[in-house]
Amino acid sequence: HAWSIVTNIDTADQSNSRGEFKIMKGTWNGGAEIMDWEVATTLTADFGTYVFDGQEYYQNLDWTIAFGPDGQTGYAVVTGMVVDGPPCNTSPIVWKSVDAGTNWNLQPIWDHSQEQVFTENLYPAQGSGLVRPYFRRTAITVDAANTLHIFAEVLSGYHSSPDSSNWIYVDPETRVLAHVSTSSEDDWTVAH
């Protein structure tokens, strides 16, 4: 099997884009020598939005999927934010499957704003002393112990408000290359 994650892109109404994600399962069709694709499931969450020039946009940047070597444990990761989530501009939103992609469960959203790596290396948001990590350029893999590894560039969020149009600091000294890993709902490790 092959796996992919896609999102709805509505070119007529950008405010409707990236509101849900579909996990696509591909099965090799030897006769036609192509992959036959089907929607395995649709992932939804209470995704956060921001307003820019009067338009409302979902605050999701990257999405990817990976399975461990056993083919049973998989993770789908969307880099974005959820309503009433932790004080991050964009952070990993994680779904996990332990039955070869049949069922997917949204994992609790982790508050990365309190991680020592980020509090020591990112600028606080304007108007507050709060660090608002901004995850982007994300890649994932799953190891033989079924631990999810996320590799990302993490920048400093500029505004203290979660609906601040994703403004960030872009100076080189405001970026951290982070390695984030997890295997359960409350077992996160962050390094850089």
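This text goes with the structure placed above it.
Chemist: I'm lost on the pairing of strand β13 (residues 188-191) in this one. Help?
Modeler: Along any regular strand the residues' side chains alternate between the sheet's two faces. The alternating pattern of β13 places W188 and V190 on a buried face and T189 and A191 on a face that is not buried. Pairing of strand β12 (residues 175-182) with β13, which is carried by 4 bridges, proceeds in the antiparallel orientation. The residue of β13 that forms the bridge with S181 is T189.

Chemist: Even after reading the chapter, I still don't get the packing of aromatic side chains, so can you show me in this structure?
Modeler: To describe a pair of aromatic rings, one takes the distance between the centres and the angle between the planes. A full pass over the atoms with the stated rule returns 7 aromatic pairs. Summarising the aromatic geometry, the rings of F67 and W104 are spaced 5.8 Å apart at their centres and angled 80° between planes, so their arrangement reads as edge-to-face. Of the two residues, F67 is situated in strand β6 (residues 62-67) and W104 in the loop between β8 (91-97) and β9 (105-106); the sequence distance between them amounts to 37 residues. With respect to burial, F67 and W104 carry one shared label: buried.

Chemist: For this particular structure, what's the right way to read the sheet that holds β9?
Modeler: Hydrogen bonds along the backbone pair up the strands of a sheet, which may run parallel or antiparallel. If you walk across this open sheet you meet the 4 strands as β6-β7-β8-β9, and the pairing is antiparallel. Two strands in the sheet have a free side with no partner beyond their single neighbour: β6 and β9.

Chemist: Quick question: what am I supposed to make of the nonpolar core here?
Modeler: Within soluble globular proteins, side chains that are nonpolar tend to cluster in buried spots. Among the nonpolar cores identified, the biggest contains 20 residues, and F118, L148, I150, V154 and V180 are the most heavily contacted of them. Looking at this core, the elements that each hand over two or more residues are β7 (74-80), α1 (116-121), β10 (133-142), β11 (148-156), β12 and β13. It is β11 that provides the largest number of residues to this core, a total of 4 residues. Those residues in contact with L148 that lie beyond four places of it in its chain are Y75, V77, V94, I140, T141, V142, V180, S181 and T182. In this structure, V78, V82, W95 and W104 belong to the second largest nonpolar core, which totals 13 residues.

Chemist: Mind showing me how you'd approach unusual backbone geometry here?
Modeler: Working note: non-glycine residues mostly have negative phi, and peptide bonds are mostly trans. Despite not being glycine, R137 shows a phi value in the positive range, around 50°. If you trace the backbone, R137 turns up in strand β10. Despite not being glycine, N146 has its phi angle at roughly 65°, a positive value. By the element assignment, N146 lies in the loop between β10 and β11.

About the cut-offs
Residues numbered from 1 in each chain as written. Predicted model: local features only at pLDDT ≥ 70, side-chain atom pairs only at ≥ 80, totals over all residues. Heavy atoms only, no water. Buried < 20%, exposed > 50% of the residue type's maximum accessible area, 1.4 Å probe, protein only. Helix = DSSP H or I, 4+ residues; strand = E, 2+ residues; numbered from the N terminus. Pairing = 2+ DSSP bridges. Phe/Tyr/Trp six-rings, centres within 6.5 Å; stacked < 30°, edge-to-face > 60°. Core = buried A, V, L, I, M, F, W, Y, C linked by side-chain atoms within 4.5 Å. Contact = heavy atoms within 4.5 Å.

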